[in-house]
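# Summary of structural features
One letter stands for each residue in the lines below.
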Amino acid sequence: MGPGRNRGWLLRLVIAFSFAQGAVSMARPAVSYRALALGADERAIGVIAGVYALLPLFAAVPLGRRTDRGRCAPLLPVGVVLIAGGCALSGLADSLVAMAVWSGVMGLGHLSFVIGAQSLVARQSAPHEHDRNFGHFTIGASLGQLIGPVAAGALIGGPDMARTSALALVVAGAGAAVAFTSLWRIERPVDPESRTERGERVPVHRILRTRGVPGGILISLAVLSATDILTAYLPVVGEDRGIAPSVIGLLLSLRAAATIACRLVMTPMLRWLGRTALLTVTCVLGAVLCAGIAVPVPVWALALMLAALGFCLGVGQPLSMTTVVHAAPDDARSTALALRLTGNRLGQVAAPAAAGLVAGVAGVAAPFVMLGALLLVSSGIALRSPVAAAPEGGGKKGSAGRRGSRIGAVLSRKRDL
């Protein structure tokens, strides 16, 4: 069965991703609250959040290479095991060092799952379906980000913050394990001939030096950093402003709900504005809204800003996935996606560390001003790195793609984002 003929696998993948991402989204604020209960300050929170992305930095490209040469599905259960274990063991840890280590394990599991899942979508979708299928795939992430913080907020609270945050982490680990129920027969059999036809692997430096790659990585990095720091630092802002953990959980879930709404209407927005304008406008608006979080406002105004911010941040990730897949050679798609994720993880290491330093010097709301500046820079990059659509007919990247490049299209077989 060829790409695009049956999307039952996509529904199961979205369900599995919802549980895996829900566990991570529940665990991230729970880790922050437990670290605070164990005596961590803003700088320590930034370090722990950065370690979450540290291990994946060294694993992304090897995992992408392995997936290009074999199957995607085996990475999914491995990722679920690492996520579940990292969550549960973070709850049982009684020191900040141990929490940082298990946070790194959780991040490695999340990376493994995402590389396998994104590669699966790329491989089992027709070219003209990538925008839609990647958008639907990322709805799974948004559903997890919607449910996870609410569940964390419902469990965390009271005088014994250390105990309730530990309970939330153990529950998150159990929730991640539920993802196993949707992973059966999720990948179609791989044609053995397709493996023998592949030539030598494309060097990483060649992918990184092609037109648009640095810009695409920076856009994805900025959007993910905004989401990541928002999840890690909004609890700290809530503590500083006297906002209850349950309200913070609802605010984070409101942001995720707005992201889901964005991805449900992404196709008509693309028809209306086009990719370049859509990326640029949403990055600019996201920059303004991120900076606005630093201003002490009533909770209802903060909710409105987070809803608008969630809608703007919903654009960057699926479009950057589609761009990378269309640009990369057929036998290096997973590696290209892994390079994009490596950029994301670099941002997840550097941005929380920088946020911790900024928060320690200028206050707990200052990191959001920093994020606003980063998104503003990414809007300029989006404007200078236009992205062309895949051919509607769903054909392979061949003569049509080359003709498109001659009339100014950025995405073709020989050009990588």
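About the thresholds
Residues numbered from 1 in each chain as written. Predicted model: local features only at pLDDT ≥ 70, side-chain atom pairs only at ≥ 80, totals over all residues. Heavy atoms only, no water. Helix = DSSP H or I, 4+ residues; strand = E, 2+ residues; numbered from the N terminus. Buried < 20%, exposed > 50% of the residue type's maximum accessible area, 1.4 Å probe, protein only. Contact = heavy atoms within 4.5 Å. Areas by Shrake-Rupley, 256 points an atom, 1.4 Å probe, with all protein chains shown as cover. Axes fitted to C-alpha atoms, helices over the stretch in contact; angles between N-to-C directions. Parallel < 35°, antiparallel > 145°, perpendicular 65-115°, else oblique. Nonpolar A, V, L, I, M, F, W, Y, C, P; charged D, E, K, R; others polar. Left-handed = near helix turned anticlockwise from the far one by under 90°. Phe/Tyr/Trp six-rings, centres within 6.5 Å; stacked < 30°, edge-to-face > 60°. Salt bridge = Lys/Arg side-chain N within 4 Å of Asp/Glu carboxyl O. Core = buried A, V, L, I, M, F, W, Y, C linked by side-chain atoms within 4.5 Å. pLDDT = per-residue confidence, 0-100. Disulfide = S-S within 2.5 Å. Expected span 1.5 Å × (residues − 1). Patch = residues over 30% accessible without salt bridge, like charges linked within 9 Å, V, L, I, M, F, W, Y side chains within 5 Å.

### Side note on the overall build of the protein
Scanning the protein from terminus to terminus reveals 17 helices and zero strands. Going through the 417 residues of the protein one by one, you find that 59% of them count as buried. The long-range fraction of contacts in the protein, counting pairs at least 24 apart against all pairs at least 6 apart in sequence, stands at 85%. For the protein, the computed accessible surface area is about 16,100 Å², with 67% contributed by carbon and sulfur atoms.

### So, the packing of helix 11 (residues 266–273) against helix 12 (residues 275–293)
Where helix 11 meets helix 12, the closest approach of the two axes is 7 Å, and the angle between their N-to-C directions is 105°. The angle between helix 11 and helix 12 places the two elements in the roughly perpendicular class. Between helix 11 and helix 12, the residues in contact are Met-269, Leu-270 and Leu-273 and Arg-275, Ala-277 and Leu-278, respectively. A per-class count over the contact of helix 11 with helix 12 returns five nonpolar, no polar and one charged.

### Description of the packing of helix 4 (residues 96–124) against helix 5 (residues 130–155)
For the pair helix 4 and helix 5, the least separation of the axes is 10 Å and the interaxial angle reads 150°. In this view, helix 4 runs roughly antiparallel relative to helix 5, as classed from their interaxial angle. Regarding helix 4 and helix 5, the two cross each other, and that crossing is right-handed. Along the contact surface, helix 4 presents Ala-117, Gln-118, Val-121 and Ala-122, while helix 5 presents His-130, Asn-133, Phe-134 and Phe-137. Of the residues that constitute the contact of helix 4 with helix 5, the class distribution is five nonpolar, three polar and no charged.

### Considering the packing of aromatic side chains
In the structure shown here, the tally under the stated rule is two aromatic pairs. With centroids separated by 5.6 Å and ring planes inclined at 20°, the aromatic side chains of Phe-17 and Phe-113 adopt a geometry described as stacked. Residue Phe-17 is found in helix 1 (residues 8–37), and its partner Phe-113 is found in helix 4; the two are separated by 96 residues along the sequence. Centroid distance Phe-17 to Phe-137: 4.7 Å. Interplanar angle 10°. Geometry classified as stacked. Of this pair, Phe-17 sits in helix 1 while Phe-137 sits in helix 5; the two residues are 120 residues apart in sequence, bridging distant segments of the chain.

### Looking at the pattern of salt bridges
According to the stated counting rule, one finds one salt bridge in the structure shown. Ionic pairing is found between Asp-160 and Arg-163, a salt bridge with its closest N-O pair at 3.8 Å.

### What to know about the side chain of Arg-255
Inspection of the secondary structure assignment puts Arg-255 in helix 10 (residues 245–264). Among residues more than four places away in sequence, those in contact with Arg-255 are Gln-145, Thr-227, Leu-230, Leu-306 and Gly-310.

### Re the nonpolar core
Counting 95 residues, the largest nonpolar core has Leu-13 and Phe-113 as the members making the most contacts within it. Sort the elements by how many residues they give to this core and helix 1 lands first, with 15 residues. Those residues within four positions of Phe-113 in sequence are excluded, and the remaining contacts are Ala-16, Phe-17, Ala-20, Leu-75, Leu-76, Gly-79, Val-80 and Leu-183. Within the second largest apolar cluster, 10 residues are counted, among which are Cys-262, Met-266, Leu-270 and Ile-381.

### Some thoughts on the confidence of the model for the protein
When pLDDT is averaged along the protein, the result is 78; 84% of the residues meet or exceed 70. Taken as a whole, residues 192–196 scores under 50 in pLDDT and shows four contacts with residues more than four places along the chain or in a different chain. For residues 387–417, every residue scores under 50 in pLDDT, and the model assigns this stretch 62 contacts once sequence neighbours within four places are set aside.

### Quick look at the side chain of Ser-25
Note that Ser-25 resides in helix 1. The residues touching Ser-25, leaving out its near neighbours within four places in the chain, are Gly-144, Gln-145, Gly-148 and Pro-149.

### Looking at the state of the cysteines
A complete count under the given rule lists zero disulfides for this structure. With no disulfide of its own, Cys-262 lies 7.9 Å from the sulfur of Cys-312, the closest cysteine sulfur. Judged by relative accessible area, which is 0%, Cys-262 ranks as buried.

### Quick notes on the environment of Ser-246
Locating Ser-246 in the fold gives a position in helix 10. Taking the C-alpha atoms as reference, Ser-246 lies 7.0 Å from Val-150; in sequence the two are 96 residues apart.

### Section: helix 1
Here helix 1 spans 44 Å end to end across 30 residues, near enough to the 44 Å set by a 1.5 Å rise per residue. Counting buried residues along helix 1, 24 of its 30 residues qualify, which places the element largely inside the surrounding structure. Where helix 1 terminates, the next one or two residues include Gly-39, which has phi positive at roughly 105°.

### Comments concerning the environment of Thr-323
Note on placement: Thr-323 falls in helix 14 (residues 316–327). Here Thr-323 falls in the buried class, since its relative accessible area comes to 2%.

### Considerations on a nonpolar patch on the surface
Together, Leu-11, Ile-15, Phe-19 and Val-178 line one region of the surface with nonpolar side chains, adding up to about 310 Å² of accessible area. Within the secondary structure, Ile-15 sits in helix 1. Residue Ile-15 is classed as partly exposed on the basis of its relative accessible area of 34%.

### Describing the environment of Gly-46
Mapped onto the elements, Gly-46 comes out in helix 2 (residues 42–69). Of the residues examined, Gly-46 reaches a relative accessible area of 1% and is grouped as buried. Sequence spacing of Gly-46 and Val-349 is 303 residues, and the spatial spacing of their C-alpha atoms is 8.8 Å. Beyond its immediate sequence surroundings of up to four residues, Gly-46 is in contact with Tyr-233, Pro-352 and Ala-353.

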